[in-house]
Amino acid sequence: MLDRYVRPLIDPPLNRAGRMIAQVRISANMMTTFGWVLGILAAVAIAQHSYWLALALVLASRLADGLDGAVARATQLSDFGGYYDIVADFVFYAAIPMGFIWADPAANGIAGGALLTAFYINGATFLGYAILAAKRNLTTSARGEKSWYHVGGLLEGTETIVFFVALCLFPGWFVPLAWVFALLCVLGAAARIMMARQVMRD
């Protein structure tokens, strides 16, 4: 929901940094790999109850995720790069809840499982919409220049980053926060299904 407002603010400095990174021959795919590796390390830190370290790694991971697109725009966008980027994002989104499940399976297991289920449902509606949008030659740049159709929703990248930051700052609140976010994800997925029914009606 907030990405369309945040992207115009963060894209100019990211694009400048992306041009500098491209000059030292660091590729967009290398930045993508760096981002998801940092995300996995954040999950490991969470599992070890090192929440401040996890917070730093989460933020660094999302910075790398923003920079991979900036590097691609400074060099050359590719279909594989866009595909690899979304796969890496889903690895990150799965890793952080898993970190909290590993940290305390008894306390966090059910809420963490519900959150991962909600992410799965949300991801299915998100990627399914993108597939049909490509079939119908639909385009959008409201959330930045992408290699695929990026449909909005109730919860997007900005909200998810804020949520993960909140979890690292207040790990004792994981269970209620996870349930609330899971519910919002499911509501967002339902809204996307209804939107797809209207836009893609034959």
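Scroll up to find the structure this text is about.
Residues numbered from 1 in each chain as written. Predicted model: local features only at pLDDT ≥ 70, side-chain atom pairs only at ≥ 80, totals over all residues. Heavy atoms only, no water.

### Some remarks on the pattern of salt bridges
The tally for this structure, following the rule as stated, stands at 2 salt bridges. Across the salt bridge formed by Asp 65 and Arg 62, the nearest N and O atoms sit 3.4 Å from each other. Highlighted residues: Asp 65 and Arg 62, both in helix 3 (residues 51–74), separated by 3 residues, approximately one helical turn. Judged by relative accessible area, Asp 65 falls into the partly exposed class, the value being 21%. Overall, Arg 62 belongs to the buried group, its relative accessible area being 11%. One connected set of salt bridges, linked through shared partners, spans Arg 62, Asp 65 and Asp 89. (Salt bridge = Lys/Arg side-chain N within 4 Å of Asp/Glu carboxyl O. Helix = DSSP H or I, 4+ residues; strand = E, 2+ residues; numbered from the N terminus. Buried < 20%, exposed > 50% of the residue type's maximum accessible area, 1.4 Å probe, protein only.)

### Some points on a nonpolar patch on the surface
Together, Ile 40, Val 44, Phe 80, Tyr 83, Val 87 and Val 91 line one region of the surface with nonpolar side chains, adding up to about 510 Å² of accessible area. Elements represented by at least two residues in the nonpolar patch include exactly helix 2 (28–47) and helix 4 (79–103). Of all the elements, helix 4 adds the most residues to the nonpolar patch, at 4 residues. (Patch = residues over 30% accessible without salt bridge, like charges linked within 9 Å, V, L, I, M, F, W, Y side chains within 5 Å. Areas by Shrake-Rupley, 256 points an atom, 1.4 Å probe, with all protein chains shown as cover.)

### Looking at the nonpolar core
Counting residues in each nonpolar core, the largest one holds 28 residues, and the members touching the most others are Ile 46, Val 58, Ile 96, Phe 100, Leu 115, Phe 164 and Phe 181. Among the elements of the structure, helix 2, helix 3, helix 4, helix 5 (105–135), helix 6 (157–169) and helix 7 (174–199) are those that each provide at least two residues to this core. Once you skip the residues sitting within four places of it in the chain, Ile 96 turns out to touch Gly 39, Ala 42, Ala 43, Ile 46, Val 58 and Phe 164. Counting 10 residues, the second largest nonpolar core, distinct from the first, contains Ile 21, Ala 28, Met 31 and Val 71. (Core = buried A, V, L, I, M, F, W, Y, C linked by side-chain atoms within 4.5 Å. Contact = heavy atoms within 4.5 Å.)

### A word on helix 6
If you check helix 6, its first and last C-alpha atoms are 18 Å apart, about what 13 residues at 1.5 Å a residue would give, namely 18 Å. Along helix 6, the residues classified as buried are Thr 158, Glu 159, Thr 160, Phe 163, Phe 164, Val 165, Leu 167 and Cys 168. Check the buried side of helix 6 and you find it contacts helix 1 (3–23), helix 2, helix 3, helix 4, helix 5 and helix 7. (Expected span 1.5 Å × (residues − 1).)

### Points about the packing of helix 6 against helix 7
Relative orientation of the contacting elements helix 6 and helix 7 amounts to 165°, with a least axis distance of 10 Å. Taken together, the axis directions place helix 6 and helix 7 in an arrangement best described as roughly antiparallel. Between helix 6 and helix 7 the crossing geometry is left-handed. Touching Glu 159, Thr 160, Phe 163 and Leu 167 of helix 6 are Phe 174, Leu 177, Ala 178 and Phe 181, all from helix 7. In terms of residue class, the contact of helix 6 with helix 7 is made up of 6 nonpolar, 1 polar and 1 charged. (Axes fitted to C-alpha atoms, helices over the stretch in contact; angles between N-to-C directions. Parallel < 35°, antiparallel > 145°, perpendicular 65-115°, else oblique. Left-handed = near helix turned anticlockwise from the far one by under 90°. Nonpolar A, V, L, I, M, F, W, Y, C, P; charged D, E, K, R; others polar.)

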